[in-house]
Protein chains: 2
Amino acid sequence: MQVWKDYQEKNKERFLNELLELLRIPSISAKSENKQDMVTCAEAVKQRLLAAGVDKAELIETEGHPIVYGEKIIDPAKPTVLVYGHYDVQPAEPLELWKSGPFDPVIIDGKIFARGSCDDKGQVYMHVKALETMLQTGTLKNNIKFCIEGEEEVGSPNLGKFVATHKELLKADCVLISDTAMLSLDTPSIDTGVRGLSYIEVELTGPSRDLHSGVYGGAVANPITILAKMIASLHDENNHVTIPGFYDDVVEATAEERALMAKAPYDEAAYKEDLGVQELWGEKGFTTNERTGIRPTIELNGIWGGYTGEGAKTVLPSKAFAKISARLVPDQGSDKITKLLIDHLHSITPATVTLKASLHHGGEPYMTPIDSVAYKAAAKAMEATFGKAPIPVRGGGSIPICALFEKELGIKIVFMGFGLDSDNLHSPNEKFNVDNYYKGIETIPYFHQYFTEMS
Amino acid sequence: MQVWKDYQEKNKERFLNELLELLRIPSISAKSENKQDMVTCAEAVKQRLLAAGVDKAELIETEGHPIVYGEKIIDPAKPTVLVYGHYDVQPAEPLELWKSGPFDPVIIDGKIFARGSCDDKGQVYMHVKALETMLQTGTLKNNIKFCIEGEEEVGSPNLGKFVATHKELLKADCVLISDTAMLSLDTPSIDTGVRGLSYIEVELTGPSRDLHSGVYGGAVANPITILAKMIASLHDENNHVTIPGFYDDVVEATAEERALMAKAPYDEAAYKEDLGVQELWGEKGFTTNERTGIRPTIELNGIWGGYTGEGAKTVLPSKAFAKISARLVPDQGSDKITKLLIDHLHSITPATVTLKASLHHGGEPYMTPIDSVAYKAAAKAMEATFGKAPIPVRGGGSIPICALFEKELGIKIVFMGFGLDSDNLHSPNEKFNVDNYYKGIETIPYFHQYFTEMS
């Protein structure tokens, strides 16, 4: 609609600067040292919602970080869209690989570089500015609720309780989430599912103190060596996961579904070049899109033990640690896989060492139908601004709360994401294209319009 | 000799306090940030030698840290003992496991807790105080030279050149080293050999940047997973090292030698209890004493990669690192084993990742005969103060310069060590028993007396 476009064109510089302000707050949910920053960020989101024109906005305390709730009710009889997103971000480490400060946003070559620029502050803020656009141009015809949490990156441990106890407050006709990617500005796409997650940490203890590797080396189990053996055994020679029962609940894709997936644009040479690898890796018998979309995985997210400083230290360490996560697909259950994983690790721990394994967080896999009103409205909205219909694809990431939203609120979720896989999410130099940001702000009002018309 | 004992008894408190002063200097040779501390420590050692009564003492510059040289020449016609030791120490990490500051020495239950208390400042300082004792009591009958270096813990990269170019300065009849352990104050022992070392660092790179483990997980090789597989493959199911050629040059011990080794006191239950392990680990077919004495090993000294901070980060890291070392026995050569190790790692690196491997440092294994004058003098000296003859044992640690001393100077080394295996060398809470310190100061003058008489 021209009126939206005109308003946005006139305010684009301010829209960008406001986002940069938000990106300056180091809202890292995983780190206790950022607890106050989390409150500061939640408060900032609330103020921006109020400034954009919501009727009310508030911080809801949890046992962890606060949830920001806001709403603009035009008419209770009209359709209501619940926008979910998160203001927390991943830790920024390794800091030395950032070309600019992770919380000191810069724009280079049309890209906003900052932790959270894409995941998810930038995508959340598109919705705030879309609301402002609709209100300032008198075009909002439906109700919008905002539920912006501060614990998505740590598995949403407190959002479930909030949703379960605030069903009336959150009552809506669909959940709209912008926390995923699209293939490119030329090839719009919509994720039809996200993978689940089981994330654990293990601590392997050999001798009760660090030892001299000469005096004791060869006679006492080295926990790094043993941990390596345990990790190595988690995949067989075809890169299948070896944990008994791991694949039991996986819904195998039909030949038809796989044929459809194979039609999505994919250029292996470009994919490899972007990642800087000579060869890809993965489960035998599946394509890259299948490996990241419809297959579960075990990934090592971190490992440490012994001396990791400059130079050499001849130590046989007491302990070795790893952070291990599984990505899950329907119908794997996060609790079940976490238990399988931990039980399996215990079962392969030799008597020369002791294992402590604990859950960090989990989340269920989720799939959304492509024949829902919400999906159709999203597809039509993207077609309106991109000039072509989006391709449905399966996303590899996880949004822990999706399954719960559907269960508690009885409504479908639609993923209208404007990021790119190459946006360095969870990595140094996270970015968000300025064009994608503006395109999101332009597309979202169409979604509300079409969803209202089609409901 | 009563005159030594009387002098030492009168001065014991000062002997201890002087050592504590030396332990306060953080002379960590591996860390560039401690470069100035190294000079401070070398200067302190020089001043203590002068105060003890050497004719001259000087710092000799090298491309790395300085060497302290000192000498007391009574009569060039008399036998000369070259005392070798080192004033540098291992890094103190992990700092959080120290019960007191590593460079803030404290005495608890008769033990001096500090980095370097046993390895090797405490043992070096015994020789300084023994010299003082002999000079103050007019009992020194031979010549003593001191070569105290600052790079032992980083493989003595510059000492070799110094020895090769200063043969006349270092000319002596034997090398006396106190940088090893004894079984206990009740069971004195003398090491008859030390293992060699090849210490390398590896860097494995997968994707060129850290990736989101959901978006890419399952389709791109995770360098931690691959590194774990490579490390796991270095030992077979019998804990033999799998590197082709690794054992080729190992001189197998004879049945007679092994029978002799089996006579050394060894209490497996006590050994396990001290280390806090349920079961020991090691190469099949060998005893604990053999595993640490006459067999080569591969140890993981450190590993790191991905996110190692608090909480969870769902990253598929770009890189994983490890510090790996081999302990060597006669006649393995350090350069050859380093090359075998690095070549082998390259040969098992899959095309999904790239490997960079580089040498930290190495050292040759060394064995000393038990029929040399120096060994006999050491054994007799220990018998004089401990009341029983020491047992000859093979040490598991490494003193990189030993083989070179013998080659360049054409003289034998004797290891008269007063530490204990349980002194937490290279570990948090390194300690040195005050009694062992005093016993060393008491024993060393006997060595000089007997060596002079027997030469």
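Residues numbered from 1 in each chain as written. Chains lettered and ligands numbered in written order. Predicted model: local features only at pLDDT ≥ 70, side-chain atom pairs only at ≥ 80, totals over all residues.

## Looking at the overall build of chain A
The condition that has to hold: Counting from the N terminus, the helices are DSSP H or I runs at least four residues long and the strands are E runs at least two residues long. In this description the radius of gyration comes from C-alpha coordinates, and the expected globular size is given by 2.2 Å times residues to the power 0.38. Contacts here follow a simple rule: the backbone-placed C-beta atoms of the two residues must lie within 7 Å.
Regarding its fold elements, chain A presents 13 helices and 21 strands. Relative to the compact-globule value of 23 Å for 455 residues, chain A shows a C-alpha radius of gyration of 23 Å, a close match. If you line up chain A on its principal axes, its C-alpha atoms span 80 × 50 × 45 Å. For chain A, long-range pairs separated by at least 24 residues make up 79% of all intrachain contacts whose partners lie at least 6 apart in sequence.

## A closer look at the interface of chain B and chain A
Put simply, the rule is: Ten residues, namely Ala, Val, Leu, Ile, Met, Phe, Trp, Tyr, Cys and Pro, are considered nonpolar, four, namely Asp, Glu, Lys and Arg, are considered charged, and the remaining ones, Gly among them, are considered polar. In this scheme, strands are said to pair when DSSP sees at least two bridges between them.
Listed as interface residues are 82 residues of chain B and, on the opposing side, 82 residues of chain A. Per-element tally for the side of chain B that touches chain A: the top contributor is strand 13 (residues 297-306) of chain B, with 9 residues. When the residues that make up the side of chain B that touches chain A are grouped by side-chain class, the tally is 30 nonpolar, 36 polar and 16 charged. Bridge count for strand 13 (residues 297-306) of chain A against strand 13 of chain B is 5 bridges, and the pairing is antiparallel. What sits directly across from A:Ile303, in strand 13 of chain B, is B:Gly305.

## Looking at the sheet that holds strand 5 (residues 111-113) of chain B
Residue and element names in this part refer to chain B. We apply this condition: Fitted lines through C-alpha atoms give the axes, limited to the stretch in contact for helices. The angle between two N-to-C directions lies from 0 to 180 degrees.
Read from one edge of the open sheet, 3 strands run 4-5-21, paired in antiparallel fashion. One side of each edge strand has no neighbouring strand; the edge strands of this open sheet are strand 4 (106-108) and strand 21 (431-433). Neighbouring strand axes in the sheet, compared pairwise and without regard to direction, differ in orientation by 30 degrees on average. Here 3 bridges tie strand 4 to strand 5, and the two strands are oriented antiparallel to one another. Following the sheet pairing, isoleucine 107 is matched in strand 5 by isoleucine 112. Against the sheet, helix 13 (residues 434-454) engages strand 4, strand 5 and strand 21, with an angle of about 60 degrees to strand 21.

## Thoughts on the environment of A:Asn429
Residue and element names in this part refer to chain A. For asparagine 429, the position within the fold is in the loop between strand 20 (419-420) and strand 21 (431-433). In this structure, the C-alpha to C-alpha distance between asparagine 429 and leucine 82, residues 347 residues apart in sequence, is 30 Å. In this structure asparagine 429 touches Trp98, Lys99, Phe113 and Asn424, once residues within four positions along its chain are discounted.

## With respect to the nonpolar core
As a reminder of what qualifies: Think of a nonpolar core as buried Ala, Val, Leu, Ile, Met, Phe, Trp, Tyr and Cys residues, each tied to the set through C-beta atoms within 7 Å. Around each residue's C-beta, the other C-beta atoms within 10 Å are counted; 20 or more make the residue buried, 12 or fewer make it exposed, and counts in between make it partly exposed. All C-beta atoms are placed from the backbone.
A:Ala378, A:Phe447, B:Leu176, B:Ala378 and B:Phe447 are the most contacted members of the largest nonpolar core, which totals 256 residues. Once you skip the residues sitting within four places of it in the chain, A:Phe447 turns out to touch A:Leu176, A:Ala377, A:Ala378, A:Ala381 and A:Met416.

## Brief notes about the sheet that holds strand 21 of chain A
Residues and elements named next belong to chain A. Strand order in the open sheet formed by 3 strands is 4-5-21, with antiparallel pairing between adjacent strands. At either margin of the open sheet sits one strand with a lone partner, and together these are strand 4 (106-108) and strand 21. Ignoring which end each strand starts from, the neighbouring axes of this sheet average 30 degrees apart. Together, strand 4, strand 5 (111-113) and strand 21 form the strand contacts of helix 13 (residues 434-454), whose direction differs from that of strand 21 by roughly 60 degrees.

## A few points about the domain arrangement of chain A
Residue and element names in this part refer to chain A. For clarity, the threshold we go by: Where each domain begins and ends follows an automated or database-derived domain assignment.
Taken as a whole, chain A is organised into domain 1 (2-194 + 365-454) and domain 2 (196-250 + 296-363). With 8 residues of domain 1 at the contact, the number on the domain 2 side is 12 residues. Tallied by class, the residues present in the side of domain 1 that touches domain 2 amount to 5 nonpolar, 3 polar and no charged.

## Remarks on the relation of the copies chain B and chain A
Applied cut-off: Here the copies are matched by least squares. The fit uses the C-alpha atoms of residues with pLDDT of at least 70 in both.
Between chain B and chain A, which share one sequence, the superposing operator has a rotation angle of 180 degrees and an axial displacement of 0.0 Å; the RMSD is 0.0 Å. On this basis, the relationship between the two copies can be described by a two-fold rotation axis. When the interface residues of chain B are mapped onto chain A, 100% of them again fall at the interface, so both copies present the same face.

## Examining helix 1 (residues 2-23) of chain A
Spacing of three or four residues puts side chains on the same side of an α-helix, whose turn is 3.6 residues. All names here are of chain A. Using the following cut-off: Here, expected helix span is obtained from the residue count minus one, scaled by 1.5 Å. Two axes enter the bend calculation: one fitted to the seven residues ending at the residue in question, the other to the seven starting there, and the bend is the angle between them.
Compared with the 32 Å implied by 1.5 Å per residue over 22 residues, the 30 Å span of helix 1 between its first and last C-alpha is a close match. The principal kink in helix 1, of about 65 degrees, is found at asparagine 11. For helix 1, the secondary structure elements touched by its buried residues are helix 2 (35-52), helix 3 (121-136) and helix 13.

## Section: the pairing of strand 13 of chain A
All names here are of chain A. Of all the 10 residues making up strand 13, 10 are buried; the element is thus mostly covered by neighbouring parts of the structure. Sheet topology note: the strand 13/strand 15 (residues 319-328) ladder contains 8 bridges and is antiparallel. Bridge pairing in strand 15 places glycine 305 opposite alanine 320.

## Topic: the packing of helix 1 (residues 2-23) of chain B against helix 13 of chain B
All names here are of chain B. Rules: Note on terminology: angles under 35 degrees are roughly parallel, angles over 145 are roughly antiparallel, angles of 65 to 115 are roughly perpendicular, and the others are oblique. For any helix crossing, the convention is left-handed if the near helix is rotated counterclockwise from the far helix by under a right angle, and right-handed if that rotation is clockwise.
For the pair helix 1 and helix 13, the least separation of the axes is 11 Å and the interaxial angle reads 140 degrees. In terms of axis orientation, helix 1 runs oblique to helix 13. For the pair helix 1 and helix 13, the sense of crossing is right-handed. Contact with helix 1, carried on its side by Trp4, Lys5, Gln8, Lys12, Phe15 and Leu16, involves Val434, Tyr438, Ile441, Glu442 and Pro445 of helix 13 and no other residues of that element. For the contact of helix 1 with helix 13, the class distribution of residues is 7 nonpolar, 1 polar and 3 charged.

## Structural notes on the packing of helix 11 (residues 373-386) of chain A against helix 13 of chain A
Between two packed helices, the angle of one axis relative to the other and the distance separating the axes together describe the packing. Residues and elements named next belong to chain A. One can describe the packing of helix 11 onto helix 13 by two numbers: an axis separation of 8 Å at closest approach and a directional angle of 135 degrees. Judged by the angle between their axes, helix 11 and helix 13 are oblique. Relative to helix 13, the crossing made by helix 11 is right-handed. Contacts from Val373, Ala374, Lys376, Ala377, Ala378, Lys380, Ala381, Met382, Ala384 and Thr385 of helix 11 reach helix 13 at Lys439, Glu442, Thr443, Tyr446, Phe447, Tyr450, Phe451 and Met454. Class assignment for the residues of the contact of helix 11 with helix 13 results in 12 nonpolar, 2 polar and 4 charged.

## Quick word on unusual backbone geometry
Residues apart from glycine generally show negative phi values, whereas peptide bonds are mostly found in trans. The residue after A:Glu93, namely A:Pro94, is reached through a cis peptide bond having omega 0 degrees. Tracing the chain through its elements places A:Pro94 in the loop between strand 3 (80-86) and strand 4. Residues other than glycine seldom take positive phi values, yet B:Ser156 does so here, at roughly 50 degrees. Topologically, B:Ser156 is positioned in the loop between strand 6 (143-149) and helix 4 (159-165). Its 26 C-beta neighbours within 10 Å are what place B:Ser156 among the buried residues. At B:Asn424, a residue that is not glycine, the phi angle is positive and equals roughly 60 degrees.

## Quick notes on helix 3 (residues 121-136) of chain B
All names here are of chain B. Over its 16 residues, helix 3 extends 22 Å from the first C-alpha to the last, a length consistent with the 22 Å expected when each residue adds 1.5 Å. By the criterion of burial, helix 3 is predominantly enclosed, with 14 of the 16 residues buried. Phi turns positive, to about 60 degrees, at glycine 138, one or two residues after helix 3.

## Structural notes on the pairing of strand 15 of chain A
Residue and element names in this part refer to chain A. Here strand 15 lies mainly inside the structure; 10 of its 10 residues are buried. In this sheet, strand 15 lies alongside strand 11 (residues 196-205) in antiparallel orientation, the contact comprising 10 bridges. Paired with tyrosine 199 across the two strands is serine 325, which belongs to strand 15.

## Observations concerning the environment of A:Gly85
All names here are of chain A. Positionally, glycine 85 belongs in strand 3. Since 26 C-beta atoms lie within 10 Å of it, glycine 85 is described here as buried. Spatially, the C-alpha atom of glycine 85 lies 8.1 Å from that of lysine 121, the residues being 36 residues apart in sequence. Not counting the four nearest positions on each side in its chain, glycine 85 is found in contact with Asp120, Gln123, Val124, His127, Ile148, Ile177, Ser178 and Asp179.

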